[in-house]
Each structure stands twice: as C-alpha cells, then as structure tokens.
Amino acid sequence: MDKKWMSFTFITIIVGFMLALQFNTVQEPIVRDTRDTWQLREDLEKEKDIQVQLLREIRSQEDILSQYESEREQSRELALRDTLEELKKEAGLSKIEGFGIILTIEPVYEDLLMGTEVTTLSPDLLKRLLNELNMYDALHVSIGGQRVINTTVIRDINGETKINGYSLNDFPIEIKVIAENRQAAEKLYNRMQVSKSAEEFFIDNLRVKIAKPESAITIPAYEDSIRIRDLELVEPDKGGKS
C-alpha cells in the first residue's frame, strides 16, 4: 500500500511540474514587432537622413583634403618662386634696392687748372677698391651702371679700362654699393673714409668722393647672359640618388 502511495505521489508531482511549465509558456508569448507601416516608414526615412548626413560629411572631408593638397602644391610653387628670386638676386640678375653708399671717381680739378692731363682709370686700382668694398661686407655693387657679379671682368683693352666689355672713360664714374642694412652701410661708410685704396687714386690725378649712407640705393640687374663653362651633367648613379 505504501509503495502504491509513493508512486502515485511521484506521478502527481511530475504532472504538476509539467502543468506549471506549460502555464508559464502561455503567460510569456513571443515578442513580435507591433509597429505599423507608418512607423516603419518613419524609421526608414530617419535612416536615410542619417546616411545622407554621413555622405555629406564624407564629401566635406574630401573637399578639405583636396583643398589642402591644392594649397600645399601652391605653397611649393611659391617656395620655388621665392627661392628662384633669391638666387637671381644673389647672382645679380635682378634689380635691387637697399641701404648703401655711392662712391664717385672724378678728376682732381686743381690739377686740371694747372694743365695736368688726367689719365684713364687704372683697372688695377679699380679692382683693389672693389676688393676692399667686398672685404667690408658690400653685398651688391655696380660700377658705371654695370652690375658687378662673380664673373665680372675688369681689364685694360687697347689702353681703355672696361667692365663686362663696357668702357669706363667718361668721368665722373659712380660706384654704387648696397650693404645688408643701415648699420652695415654706416660701418662701410666709416671704413671707406680711411681707405688706402681710395687714396691711391691720387697717383693718377683722380679722387674718390664718398657720399653719406642712403636708404634707397638702386643697383641695376646684370644685363648680359651668364656663360658657364667647365660644367658637366651629373648622372644619378654618380652623383647620388635622384
């Protein structure tokens, strides 16, 4: 009797557990999307708006990158132009203006009144004066309106002093000199006041007058073509990486 009772109790417990499980399943139905068609359309429109906004942001960033690349290319071009202009200035191929002094070579008029004949300008004296100017930090020089550059030649041709092929036989002859700044121009002026090379011009009955520094000395560009000799093109494998 006890065994039957225990079996009945056990079966009752199992049946009760299954009924309880089925009841919970009925109480928790599967969640479904209950939104209507209009809500779905509104959500779809929002998603589309977000996509459009993202596309606009992407295009905006692409435009910024494109503008940046363009500005970088322009800055490179400007840098190259500035470098080219600077090189042209250093080579004497462009007109330049700045602080400087003007030296004037003229005959000693007292000797002219006494009947002394003025000789031509000595190229050696002129070279010595030019070397002294360079030693005192002259940046740009012109002699008789002719720009002095690294390849400038001053020499005597058939008894006539010439610079870059142009004669220097008409007095007075102006030598324009540009220094780095006002202070350098004043320093150059003071040194040339006691110049030994300038004093030597008296030997040829000439004097060198030195004007006070000015702020707007203009020196012309070198007009002739510059000839380059003894240069060869460096090949990439010989001169380094290209």
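Rules behind the numbers
- Residues numbered from 1 in each chain as written.
- Predicted model: local features only at pLDDT ≥ 70, side-chain atom pairs only at ≥ 80, totals over all residues.
- Heavy atoms only, no water.
- Helix = DSSP H or I, 4+ residues; strand = E, 2+ residues; numbered from the N terminus.
- Buried < 20%, exposed > 50% of the residue type's maximum accessible area, 1.4 Å probe, protein only.
- Areas by Shrake-Rupley, 256 points an atom, 1.4 Å probe, with all protein chains shown as cover.
- Pairing = 2+ DSSP bridges.
- Arc of directions from axis to C-beta.
- Contact = heavy atoms within 4.5 Å.
- Polar contact = N/O pair within 3.5 Å; in protein donor to acceptor, adjacent residues only side chain to side chain.
- Salt bridge = Lys/Arg side-chain N within 4 Å of Asp/Glu carboxyl O.
- Expected span 1.5 Å × (residues − 1).
- Core = buried A, V, L, I, M, F, W, Y, C linked by side-chain atoms within 4.5 Å.
- Axes fitted to C-alpha atoms, helices over the stretch in contact; angles between N-to-C directions.

**Notes on the overall build of the protein**
A count of helical and extended segments in the protein gives 7 helices and 9 strands. Relative to its 242 residues, the protein shows a buried fraction of 25%. Here the protein displays about 18900 Å² of accessible surface, and carbon together with sulfur accounts for 54% of that area.

**Let's talk about the pairing of strand 7 (residues 173-178)**
With 6 bridges connecting them, strand 1 (residues 96-107) and strand 7 associate as antiparallel partners. Each bridged residue has a counterpart across the sheet, and for T104 the counterpart in strand 7 is E174. Pairing between strand 2 (residues 140-143) and strand 7: 4 bridges, direction antiparallel. Looking across to strand 7, one finds that S142 is bridged to K176.

**Some remarks on helix 5 (residues 182-192)**
Of the residues making up helix 5, those classed as buried are A185, L188, Y189 and M192. One side of helix 5 holds all its buried residues, which, seen down the axis, span an arc of 100 degrees. On the buried face of helix 5, the contacting elements are strand 1, helix 4 (123-135), strand 7 and strand 8 (206-210). N-capping of helix 5 is provided by N181, with a side-chain oxygen placed 3.3 Å from the backbone N of Q183.

**Section: the pattern of salt bridges**
This model, assessed by the stated rule, comprises 2 salt bridges. With a shortest N-O distance of 3.8 Å, E106 and R207 are connected by a salt bridge. Taken together, the positions of E106 in strand 1 and R207 in strand 8 put the pair 101 residues apart, joining distant regions of the chain. In terms of burial, E106 and R207 fall into one category: buried. One salt bridge connects R128 with E200, and the closest N-O pair in it is separated by 2.6 Å. Taken together, the positions of R128 in helix 4 and E200 in the loop between helix 6 (196-199) and strand 8 put the pair 72 residues apart, joining distant regions of the chain. Given the relative accessible area of 42%, R128 is considered partly exposed.

**Some points on helix 2 (residues 37-91)**
Across its 55 residues, helix 2 extends 80 Å between first and last C-alpha, which sits within 8% of the 81 Å expected from 1.5 Å per residue. Residue G92 follows helix 2 closely and has a positive phi angle near 85 degrees.

**Topic: the nonpolar core**
L103, I105, I143, I175, V177 and M192 are the most contacted members of the largest nonpolar core, which has 28 residues in total. Elements represented by at least two residues in this core include exactly strand 1, helix 4, strand 2, strand 7, helix 5 and strand 8. Per-element tally for this core: the top contributor is helix 4, with 5 residues. Not counting residues within four places of it along the chain, the set of residues in contact with V177 comprises F99, G100, I101, L103, L133, A138, H140, V141, L188, I217 and I219. Judged by nonpolar contacts, the second largest core, of 5 residues, contains I96, I102, I217 and I219.

**Digging into the environment of L139**
Of note, L139 is situated in the loop between helix 4 and strand 2. Counting along the chain gives 41 residues from L139 to E180, while the straight-line C-alpha distance between them is 6.7 Å. Once residues lying within four places of it in the same chain are set aside, the contact partners of L139 are I178, A179 and E180.

**Structural notes on the sheet that holds strand 4 (residues 154-157)**
With respect to topology, 3 strands assemble into an open sheet ordered 4-5-6, the strand pairing being antiparallel. Two strands close off the open sheet at either side, each with one partner strand: strand 4 and strand 6 (166-167). In the sheet, strand 4 pairs with strand 5 (residues 160-163) via 4 bridges, with the strands oriented antiparallel. Looking at the pairing, I157 lines up with E160 of strand 5. Helix 4 rests against strand 4 and strand 5 of the sheet, and its axis sits at about 175 degrees to strand 4.

**A few points about the side chain of T152**
One can find T152 in the loop between strand 3 (146-148) and strand 4. Overall, T152 belongs to the buried group, its relative accessible area being 17%. Only 2.7 Å separates the side chain of T152 from the backbone nitrogen of I149, close enough to count as a polar contact. A polar side-chain atom of T152 sits 3.5 Å from a polar atom in the side chain of N164. Ignoring any residue separated from it by four or fewer positions in sequence, one finds T152 in contact with R147, I163 and N164.

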